[in-house]
2 protein chains.
Amino acid sequence: MRIGELAARAGTTTRTLRYYESRGLLAARRNHNGYRTYDEDDLKLLRQIRTLQDFGFDLEETRPFVECLRAGHPEGDSCPASLAVYRRKLSELDELIGELQAVRAQVGEQLVRAERARDELAADATVPGGPDPVCELGGRTR
Amino acid sequence: MRIGELAARAGTTTRTLRYYESRGLLAARRNHNGYRTYDEDDLKLLRQIRTLQDFGFDLEETRPFVECLRAGHPEGDSCPASLAVYRRKLSELDELIGELQAVRAQVGEQLVRAERARDELAADATVPGGPDPVCELGGRTR
DNA sequence: GTACGGCTTGACGCCGACGTCAAGGCAACA
DNA sequence: TGTTGCCTTGACGTCGGCGTCAAGCCGTAC
């Protein structure tokens with residue numbers, strides 16, 4: 001099949017396939033008129049790349065899987081180098097998730113604190129003789 | 001104070017401050033010879049930006065906080081627009097964390113599956129009359 | 001005077017994964 | 001024969017948040 005069909009079957013674009021080729025991830029045969037030609041194995045390989053990309057792997061991280069398939073193994077993750085990438089990715093994910101949860105907690109605290117400060121000002125403002133309101137409080141003014 | 005001192009006190013670089021200025025986030029007065037001049041309020045403003053950046057906010061998201069401080073409010077999050085950013089960020093974080101956890105689970109499954117497949121091949125290989133090993137198994141060969 | 005550090009503006013570089021445009025070749029169909 | 005659609009290579013654009021370099025000015029110390 002030609003590049004357009006392969007791209008369509010993998011749910012991507014011809015530009016992407018040429019990019020992968022330029023990165024040495026996806027090799028193509030050429031037919032008599034110079035068009036790139038692919039087979040079902042290329043589709044499998046491409047789908048492997050796309051799956052990993054969807055997981056957030058960057059292109060270089062997919063290389064071991066690609067080379068594993070190219071070496072004739074039944075799956076891209078049939079080789080130790082691929083398993084190593086899985087493991088590294090898992091620890092990266094764990095670290096990232098942890099950091100994001102910490103940030104989430106901090107931002108949540110800030111929100112609570114800021115809302116409390118706002119409410120206290122609002123309460124003061126309703127008390128006769130309380131401080132003058134400095135901020136616009138509650139909803140939008142305009 | 002001049003730009004170098006402000007940058008140092010905020011733990012950043014002069015390039016960053018000029019960039020913020022170009023984005024309209026950090027205004028500077030100029031002294032007689034054209035040098036940028038800043039005061040303690042600018043430092044506070046800059047620290048507000050940096051804190052949010054550390055949380056993963058992008059620059060545009062810090063703008064409401066900056067404008068809030070500029071308007072004379074005691075804190076960058078004393079204004080409704082800032083609270084709205086907090087809330088939006090929280091939901092973004094929740095969504096992202098959820099996605100990452102889902103990816104983590106999937107990658108974990110893939111790893112387990114691939115390891116099991118490898119071990120089964122290894123077990124077969126130790127059985128006399130079992131299938132020939134096709135992959136390099138276990139540790140590194142070279 | 002001159003050496004040095006800090007300041008100025010302007011402009012290009014970087015990263016990853018492509019998008020998009022240009023100019024042209026190839027094949028099938030009306 | 002011309003139109004249409006797919007293909008080719010090449011090259012520049014995108015995004016954010018700066019880094020880095022160039023050329024030159026300002027002020028102080030020696």
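To start, this report covers the structure provided alongside it. (Residues numbered from 1 in each chain as written. Chains lettered and ligands numbered in written order. Predicted model: local features only at pLDDT ≥ 70, side-chain atom pairs only at ≥ 80, totals over all residues. Heavy atoms only, no water.)

**Here's the deal with the protein's contact with DNA strand C**
Near DNA strand C, the surroundings consist of 21 residues, among which A:His32, A:Tyr35, A:Gln53, B:Tyr35 and B:Arg36 are the closest. When atoms of DNA strand C within 4 Å of the protein are sorted by moiety, sugar and phosphate together comprise 62%. Between a phosphate oxygen of DNA strand C and a side-chain N or O atom of A:Tyr20, the distance comes to 3.0 Å. Within the side chain of B:Arg36, one N or O atom sits 2.7 Å away from a phosphate oxygen of DNA strand C. Among the secondary structure elements, those contributing two or more residues to the surface near DNA strand C are helix 2 (14-22) and helix 3 (40-54) of chain A together with helix 1 (3-10) and helix 2 (14-22) of chain B. At four residues, the largest contribution of residues to the surface near DNA strand C is made by helix 2 of chain A. When grouped by side-chain class, the residues that make up the surface near DNA strand C number six nonpolar, seven polar and eight charged. (Near = heavy atom within 4 Å. Polar contact = N/O pair within 3.5 Å; in protein donor to acceptor, adjacent residues only side chain to side chain. Helix = DSSP H or I, 4+ residues; strand = E, 2+ residues; numbered from the N terminus. Nonpolar A, V, L, I, M, F, W, Y, C, P; charged D, E, K, R; others polar.)

**Remarks on the state of the cysteines**
Residue and element names in this part refer to chain B. For the structure shown, the criterion picks out two disulfides over all chains. Put simply, Cys68 and Cys79 are joined by a disulfide, and their sulfur atoms are 2.1 Å apart. Between Cys68 and Cys79, the S-S torsion sits near 85 degrees, and that sign places the bridge as right-handed. Within this pair, whereas Cys68 is found in helix 4 (residues 59-70), its partner Cys79 is found in the loop between helix 4 and helix 5 (80-126), the two being separated by eleven residues in sequence. Across this residue pair, the class does not change: Cys68 and Cys79 are buried. (Disulfide = S-S within 2.5 Å. Buried < 20%, exposed > 50% of the residue type's maximum accessible area, 1.4 Å probe, protein only.)

**Thoughts on the pattern of salt bridges**
Enumeration over the complete set of coordinates arrives at 28 salt bridges over all chains. Across the salt bridge formed by A:Glu21 and A:Arg30, the nearest N and O atoms sit 3.6 Å from each other. Accessibility expressed as a relative area gives 22% for A:Glu21, which makes it partly exposed. A salt bridge links B:Arg36 to B:Glu21; the shortest N-O distance between them is 2.7 Å. (Salt bridge = Lys/Arg side-chain N within 4 Å of Asp/Glu carboxyl O.)

**Examining the nonpolar core**
Grouped together as the largest cluster of nonpolar side chains are 30 residues, with contacts concentrated most on A:Phe57, A:Tyr86, A:Val107, B:Phe57, B:Tyr86 and B:Val107. Within the residue set of this core, elements represented by two or more residues are helix 5 (80-126) of chain A together with helix 5 of chain B. Ignoring anything within four residues of it in the chain, the contact list for A:Val107 reads B:Phe55, B:Phe57, B:Tyr86 and B:Leu90. (Core = buried A, V, L, I, M, F, W, Y, C linked by side-chain atoms within 4.5 Å. Contact = heavy atoms within 4.5 Å.)

**Brief notes about the packing of helix 1 (residues 3-10) of chain A against helix 2 of chain A**
Residues and elements named next belong to chain A. Packing of helix 1 against helix 2 leaves a shortest axis separation of 8 Å and a crossing angle of 100 degrees. Relative to helix 2, the element helix 1 lies roughly perpendicular. On the side of helix 1, the interface is formed by Ile3, Gly4, Leu6 and Ala7, while helix 2 contributes Thr14, Leu17 and Arg18. Counted by class, the contact of helix 1 with helix 2 contains four nonpolar, two polar and one charged residues. (Axes fitted to C-alpha atoms, helices over the stretch in contact; angles between N-to-C directions. Parallel < 35°, antiparallel > 145°, perpendicular 65-115°, else oblique.)

**Looking at the relation of the copies chain A and chain B**
The transformation that overlays chain A on chain B combines an axial shift of 0.0 Å with a rotation of 180 degrees, and the residual RMSD is 0.1 Å. Expressed as a symmetry operation, the mapping of one chain copy onto the other fits a two-fold axis. Proximity to the rotation axis, assessed at the C-alpha, singles out A:Ile97 in chain A; its C-alpha lies 3.1 Å from the axis. Mapped onto chain B, 100% of the interface residues of chain A again fall at the interface, so both copies present the same surface. (Least-squares fit on C-alpha atoms with pLDDT ≥ 70 in both.)

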